[in-house]
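A structural walkthrough
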Amino acid sequence: GNSVTQMEGPVTLSEEAFLTINCTYTATGYPSLFWYVQYPGEGLQLLLKATKADDKGSNKGFEATYRKETTSFHLEKGSVQVSDSAVYFCALKVYGNNRLAFGKGNQVVVIP
Amino acid sequence: DVKVTQSSRYLVKRTGEKVFLECVQDMDHENMFWYRQDPGLGLRLIYFSYDVKMKEKGDIPEGYSVSREKKERFSLILESASTNQTSMYLCASRKTSTGELFFGEGSRLTVL
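Residues take numbers from 1 onward in each chain, read along the sequence in its written order. Working convention: letters from A go to chains and numbers from 1 go to ligands, in the order in which they are written. Totals for whole chains, interfaces and linings use all residues, but because this is a predicted model, local features are given only for residues with pLDDT of at least 70 and pairs of side-chain atoms are given and counted only at 80 or more. For side-chain calculations, the full set of non-hydrogen atoms in the structure is used, while hydrogens and water are omitted.

Quick word on the interface of chain A and chain B
Taken together, the contacts link 16 residues of chain A with 25 residues of chain B. Here chain A meets chain B over a buried area of about 1600 Å², counting both sides, of which 52% is carbon and sulfur. Looking only at chain A, the three residues that lose the most surface to chain B are Leu44(A), Asn98(A) and Arg99(A), adding up to 35% of its buried area. Any Lys or Arg side-chain nitrogen located within 4 Å of an Asp or Glu carboxyl oxygen qualifies as a salt bridge. If you look at where chain A meets chain B, you find one salt bridge. Between Arg99(A) and Asp59(B) there is a salt bridge, with the nearest N and O atoms lying 2.9 Å from each other. Pairing of N or O atoms within 3.5 Å defines a polar contact, subject to two protein rules: one partner must be a possible hydrogen donor and the other a possible acceptor, and residues neighboring in sequence count only if both atoms are side-chain atoms. The tally of links from chain A across to chain B stands at five residue pairs in polar contact (both at pLDDT 80 or more). Numbering goes from the N terminus for both helices and strands, where a helix is a DSSP run of H or I of at least four residues and a strand is a run of E of at least two. Secondary structure elements with two or more residues in the side of chain A that touches chain B: strand S5 (31–38), strand S6 (44–50), strand S10 (86–94) and strand S11 (100–102) of chain A. Here a residue-residue contact requires only that any non-hydrogen atoms of the pair lie within 4.5 Å. Here's the idea: put two parts together, see how much 1.4 Å probe accessible area each one loses, and the total over both is what we call buried area.

Printed below as a string of structure tokens:
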């Protein structure tokens, strides 16, 4: 089946630190990959996406590269701000399947 | 600005009550979804609808039903609320061409 695995546990880091959140996937077929972000008290919103191997999605200083050989889509940001504190979800969708598969999410807390 | 609107941000209900959660989207999307979000479990799909009057069970449909009488509106119904249905409920609609989900702000339901 289709599934997404995110690293366990919250992530706490200082402002201007480098952020990496790992995401690996299992899919039947060729998935599109997404990162969604949920700011406190809000619903999820799309942060970035990639639709084929070696594509790089980017937005708001965040980047993720679709790596087919390692079935990964790790999220990175070079210098985080307090305003990046949120929950981040990795997700995939396979063509012809109506559902998105979500990871469990990672809480990111950025300390001034 | 595209929008998914959930009727109630916070609800408190008693065990055994019938609960309606309403969701409206203004993007003319065919696909709509109901998820619940719980700490440590991420997002779990309850039901989705791929067109008016069409619905399909998600991963955790027990204790829930849905209604889609009009394209823009997708309702989640708890026929007899129970304490284990205390959760955050998220509605989403999907842009078919890109696969992107648009989420509402969520409805936090407490069942006493």
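That covers the picture; the talk isn't over yet.
Some remarks on the side chain of Arg94(B)
By the secondary structure assignment, Arg94(B) is in strand S10 (residues 87–94). The buried charged residue Arg94(B) lacks any salt bridge, with Glu30(B) as its nearest oppositely charged partner at 8.8 Å. A polar contact of 2.9 Å, which involves the side chain of Arg94(B), links it to the side chain of Asn31(B). Aside from chain neighbours lying at most four places away, what touches Arg94(B) is Lys93(A), Asn98(A), Arg99(A), Leu100(A), His29(B), Glu30(B), Asn31(B), Phe33(B), Gly99(B), Glu100(B) and Leu101(B). Only protein chains enter the accessibility calculation, which uses a 1.4 Å probe. A residue is then buried if its area is under 20% of the maximum for its type, exposed if over 50%, and partly exposed in between. Counting rule applied: Lys, Arg positive; Asp, Glu negative; His and chain ends not counted.

A few points about the packing of aromatic side chains
Stacked, tilted and edge-to-face pairs are distinguished by plane angle, under 30 degrees for stacked and over 60 for edge-to-face with tilted covering the rest, among Phe, Tyr and Trp rings (Trp via its six-membered ring) whose centres lie within 6.5 Å. Under the definition given, this model contains 13 aromatic pairs over all chains. Summarising the aromatic geometry, the rings of Tyr36(A) and Phe102(A) are spaced 5.8 Å apart at their centres and angled 55° between planes, so their arrangement reads as tilted. Here Tyr36(A), found in strand S5, pairs with Phe102(A), found in strand S11; they are 66 residues apart in sequence, far enough to count as distant. Given the relative accessible area of 0%, Tyr36(A) is considered buried. Between the aromatic rings of Tyr35(B) and Phe103(B), the centroid separation amounts to 6.0 Å while the plane-to-plane angle is 40°, which identifies the pairing as tilted. Separated by 68 residues along the polypeptide, Tyr35(B) in strand S5 (residues 31–38) and Phe103(B) in strand S11 (residues 101–103) bring together distant segments of the chain. Residues Tyr35(B) and Phe103(B) agree in their burial class; the two are buried. Cluster of aromatic residues (ring-pair linked, three or more members): Phe34(A), Tyr36(A), Phe89(A), Phe102(A), Phe33(B), Tyr35(B), Phe48(B), Tyr50(B) and Phe103(B).

Some words on the nonpolar core
We call a set of buried Ala, Val, Leu, Ile, Met, Phe, Trp, Tyr and Cys residues a nonpolar core when their side-chain atoms join them within 4.5 Å. Ranked by size, the top nonpolar core spans 28 residues in total, and within it Trp35(A), Phe73(A), Leu75(A) and Tyr88(A) carry the most contacts. Per-element tally for this core: the top contributor is S10(A), with five residues. Those residues within four positions of Leu75(A) in sequence are excluded, and the remaining contacts are Leu19(A), Thr20(A), Ile21(A), Trp35(A), Leu47(A), Leu48(A), Phe62(A), Glu63(A), Ala64(A) and Tyr88(A). Counting residues in hydrophobic clusters, the runner-up holds 22 residues, among them Val4(B), Met32(B), Val66(B) and Cys91(B).

Here's the deal with the sheet that holds strand S8 (residues 62–65) of chain A
Residue and element names in this part refer to chain A. What makes two strands pair is DSSP finding at least two bridges between them. In space, the four strands of this open sheet follow the order S3-S9-S8-S7, with antiparallel pairing throughout. For this open sheet the edge positions go to strand S3 (19–21) and strand S7 (56–59), each flanked by a neighbour on one side alone. Strand-to-strand, the axes of this sheet are offset by a mean angle of 15°, without reference to chain direction. Bridge analysis of S3 against strand S9 (residues 75–77) gives three bridges, and the strand direction is antiparallel. Directly across from Ile-21, in S9, lies its bridge partner Leu-75. Note on method: axes are straight lines fitted to C-alpha atoms, helices fitted across the in-contact stretch only, with angles between N-to-C directions ranging 0 to 180 degrees.

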